[in-house]
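Commentary on secondary and tertiary structure
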Amino acid sequence: MAVRATVSRFPIDVDAQEASGLPWGLTVTPFAAKDENGIGPAYGSNGHLLPRCENCYAYFNTYCELDQWAWNCSLCGTLNGLPSDAIARYSNPQSIPEMTSSFIDLELPLDGSEEEMTQARPVYVAAIDISSSEEFLELTKSSLLAALEALSPGALFGLVTFSHKIGLYDVQGPIPVVKNVFIPSDVESSLSLELEDVMPLLQFLAPVETCKDRIAAALETLRPITSWERSAGAAQGMDSVLMGGRGFGTAMEALFNYLGSEFGNTFALARVFAFLSGPPDYGRGQLDTSRYGEQYASKRVDADRALLPEQTPFYKDLATIAVQSGVCVDLFAVTNEYTDLASLKFLSIESGGSLFLYSSTDDSTLPQDMFRMLNRPYAFNCVLRLRTSTEFKPGNSFGHFFPDPQYENLQHIICCDSYATYAYDFDFADNTGFSRHSGEQPVVQIAFQYTVVVPPEALSNSEMSSSSRGKHTIQRRLRIRTMQFGTAHNINEIYDSVDHEVVLSLLVHKVILASLEDGVREGRALLHDWLVILTAQYNDAFNLVQYKNGNKSMSSQIDITFSQCPQLEPLPRLVFALLRNPLLRFHEEGVHPDYRIYLQCLFSVLDPSSLHCGIYPALMSYSTPDTLAYPRHSLSRAALITSGSPIFFLDAYTTLIVFYSSTADPSMPFPPPQDCLLRKTINKVKQERNITPKLMFIRGGKDDATAFENYLIEEQDVDGSGFASAMGFVSFLDDISLRVTEYMK
């Protein structure tokens, strides 16, 4: 569980917090195997015996004062009695995780018999759009063949197709058999019969270890729906089938109800991989994509504001059905046409899944992403709870989770991998703030309760009964991290303790929220105003602006680069880069609304360092493929020219580019050889990502270098078309300086 705060020394009170101009909060990556310093938890069992505070329900931890019979809660100060079994256990503290570490992970007892818990098997279902092209299906097939290799032997796998009909595949017999049921064309009608009546679920879900070859054979039979079949469908009275035929909504709704019958019996979590080649245009949940083509400018309507909200609550409601059925949906959209991900995204993010967007089948990393996703561990049925000491409290929370309808600051996460990150900001409970004189320090406790499916090979013999050998086992666990923070006695101490990457994380969450509610222009204005206010507060705090005749002097004296505080120096560049990012660029600049939604979903789950890379890419230079020249350059053409290096490596999180300058020695190997330092760096970066970045090699003077040059943002106008100009970052700073002067008058 990695936790990072915007400031490691908390503001002493409301006035200090407001004077700093900084967001106050933290990010947490709950299922990360280690903390932010690379240290793992102390593992143990009997999590249900961990003492809890009678007042605030916090868990006992190493910061609590303990005597023989009682303990003081480190969060609220309440004196709690110790039960007799805890007194006996705590007499030998070296063997007790909560006595030795503030970061613990304990097993919890399961409800139900051992037989029930060992019967739960991992279930995976591929739902494939066959109202598509041959190329789309070939890509999908290769992705699923890669996925089959990553699935554990005890898993069950189902294959379903959708178009103007739903096709269920039975791969447990000698040859694959498909049974179809037609989808009604109108938006109100459901299927005429349940999928269970078409094919019993346990006939549909095939064991991977015995049916892998037949699953592969079934995939090879997939063909796009032909115009002849559509005409035949129309002849049966389904008139609008000729207009489209992608009945995604009806298919998903029927599939969730189908799987839900075995939730808690055959499986504890089913993952549905939905492959979509275009917008749903048939049956329930069909979307009107004509809104993308409308001329918003002529109507004086903000196109970004019009295209960001969902046009129907259908998919949000469908996500609720998915959760109730124990289903998590990963949505893979392979399309360059407008598909309205603004409406579809809820199906994945609110069911605990991921959203992937690929603009074409040619260079898609879909097979690698599938394999990578299935190879990493994940937790499900998770509950995340953040508690604080009494002087402050959690404010807003950000991330892909369900807030609990009953309890405050309790979030439910359906499915969580080791990369998924969530954010919180803090407010003071009242105007008192933290004590300046007592030894008590602010405390944050994060509790993460989760379930994992443990494959038989991961269990020791002592943990396995004879009846559970060879079977997957469900484990319920409780992970707790308790952290103590210092308080800052003045504003300099706050600024010196800033983590600019976490500040960026909270800013990104806030501007995404503002964009969704009020449009991209409002999101941009919020960000711009924040930087102006921060710069003004900083100049005021350091007394950098002189008074002349009772008035503050001109903007030439304003320090807009935070030269007195190294921790704040990166922020103007990060804000400029965020304003240049497709996340906040205007519709008229050519930003596709689906791509914007994809970035919102991606950036909302990234840890602070990864997000930094996505917003302001890392650019390093090499003098040879084996020799690093400079580890970090600013994203400007001037930096390239002055460095004099022949090779540059740019990491923009979703894209990696190796660029050989036009002046590079022609004898230098291109692309760089597999055993060189540059390749090792690339491979390490790819290995540590939660997605597969696209890798490009470009030779300056020979290849089209546009893809690389587009990332050199510092000469681009922050509000313009993105073309290189004399404006760019320097002009942006001048504008901030003028705004700060106006603000401080």
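Reading the values: the criteria
- Residues numbered from 1 in each chain as written.
- Predicted model: local features only at pLDDT ≥ 70, side-chain atom pairs only at ≥ 80, totals over all residues.
- Heavy atoms only, no water.
- Helix = DSSP H or I, 4+ residues; strand = E, 2+ residues; numbered from the N terminus.
- Buried < 20%, exposed > 50% of the residue type's maximum accessible area, 1.4 Å probe, protein only.
- Contact = heavy atoms within 4.5 Å.
- Areas by Shrake-Rupley, 256 points an atom, 1.4 Å probe, with all protein chains shown as cover.
- Pairing = 2+ DSSP bridges.
- Salt bridge = Lys/Arg side-chain N within 4 Å of Asp/Glu carboxyl O.
- Phe/Tyr/Trp six-rings, centres within 6.5 Å; stacked < 30°, edge-to-face > 60°.

Our next topic: the overall build of the protein. The number of helices and strands found in the protein is 24 helices and 31 strands. By the burial criterion, 56% of the 745 residues in the protein qualify as buried. Of the contacts formed within the protein by residues at least 6 apart in sequence, a portion of 76% connects residues at least 24 apart. Of the roughly 30900 Å² that the protein leaves accessible, carbon and sulfur atoms contribute 50%.

Strand pairing within a sheet occurs via backbone hydrogen bonds; the two strands may be parallel or antiparallel. With respect to topology, seven strands assemble into an open sheet ordered S4-S8-S23-S22-S17-S20-S19, the strand pairing being mixed. Where the open sheet ends on each side, the last strands, each with one partner, are strand S4 (42-44) and strand S19 (402-403). Bridge count between strand S8 (residues 103-108) and strand S23 (residues 473-484): six bridges; the pairing is antiparallel. Among the inter-strand pairings, Ile 104 is bridged to a residue of S23, identified as Ile 480.

Moving on: the pattern of salt bridges. Inspection of every chain in the model, using the stated rule, returns 22 salt bridges. Notably, a salt bridge pairs Glu 149 with Lys 212, separated by 3.9 Å at the nearest N-O pair. With Glu 149 in helix H5 (residues 134-150) and Lys 212 in helix H8 (residues 208-220), the pair connects residues that are 63 residues apart, well separated along the chain. Overall, the relative accessible area of 54% leaves Glu 149 in the exposed class. A salt bridge links Arg 284 to Glu 253; the nearest nitrogen and oxygen atoms lie 2.7 Å apart. Of the two residues, Arg 284 is situated in the loop between strand S14 (270-276) and helix H11 (303-307) and Glu 253 in helix H10 (residues 248-260); the sequence distance between them amounts to 31 residues. Assessed through its relative accessible area of 14%, Glu 253 is described here as buried. When salt bridges with common partners are traced through the structure, they connect Arg 4, Asp 499 and Glu 501 into a single cluster.

With respect to the secondary-structure elements, Glu 98 resides in helix H3 (residues 97-100). Judged by relative accessible area, which is 4%, Glu 98 ranks as buried. In this view, Glu 98 contacts Leu 50, Phe 60, Asn 61, Thr 62, Arg 89, Tyr 90, Ile 104 and Leu 106; residues no more than four positions away in its chain are not counted.

Going through the model one piece at a time under the given rule, you end up with 37 aromatic pairs. Relative to Tyr 538, the ring of Tyr 495 lies with its centre 6.2 Å away and its plane at 55°, an arrangement referred to as tilted. Separated by 43 residues along the polypeptide, Tyr 495 in helix H15 (residues 491-496) and Tyr 538 in helix H17 (residues 520-541) bring together distant segments of the chain. The exposure classification of Tyr 495 matches that of Tyr 538, with both residues buried. Ring geometry for Tyr 495 and Phe 542: centres 6.2 Å apart, planes at 10°, overall stacked.

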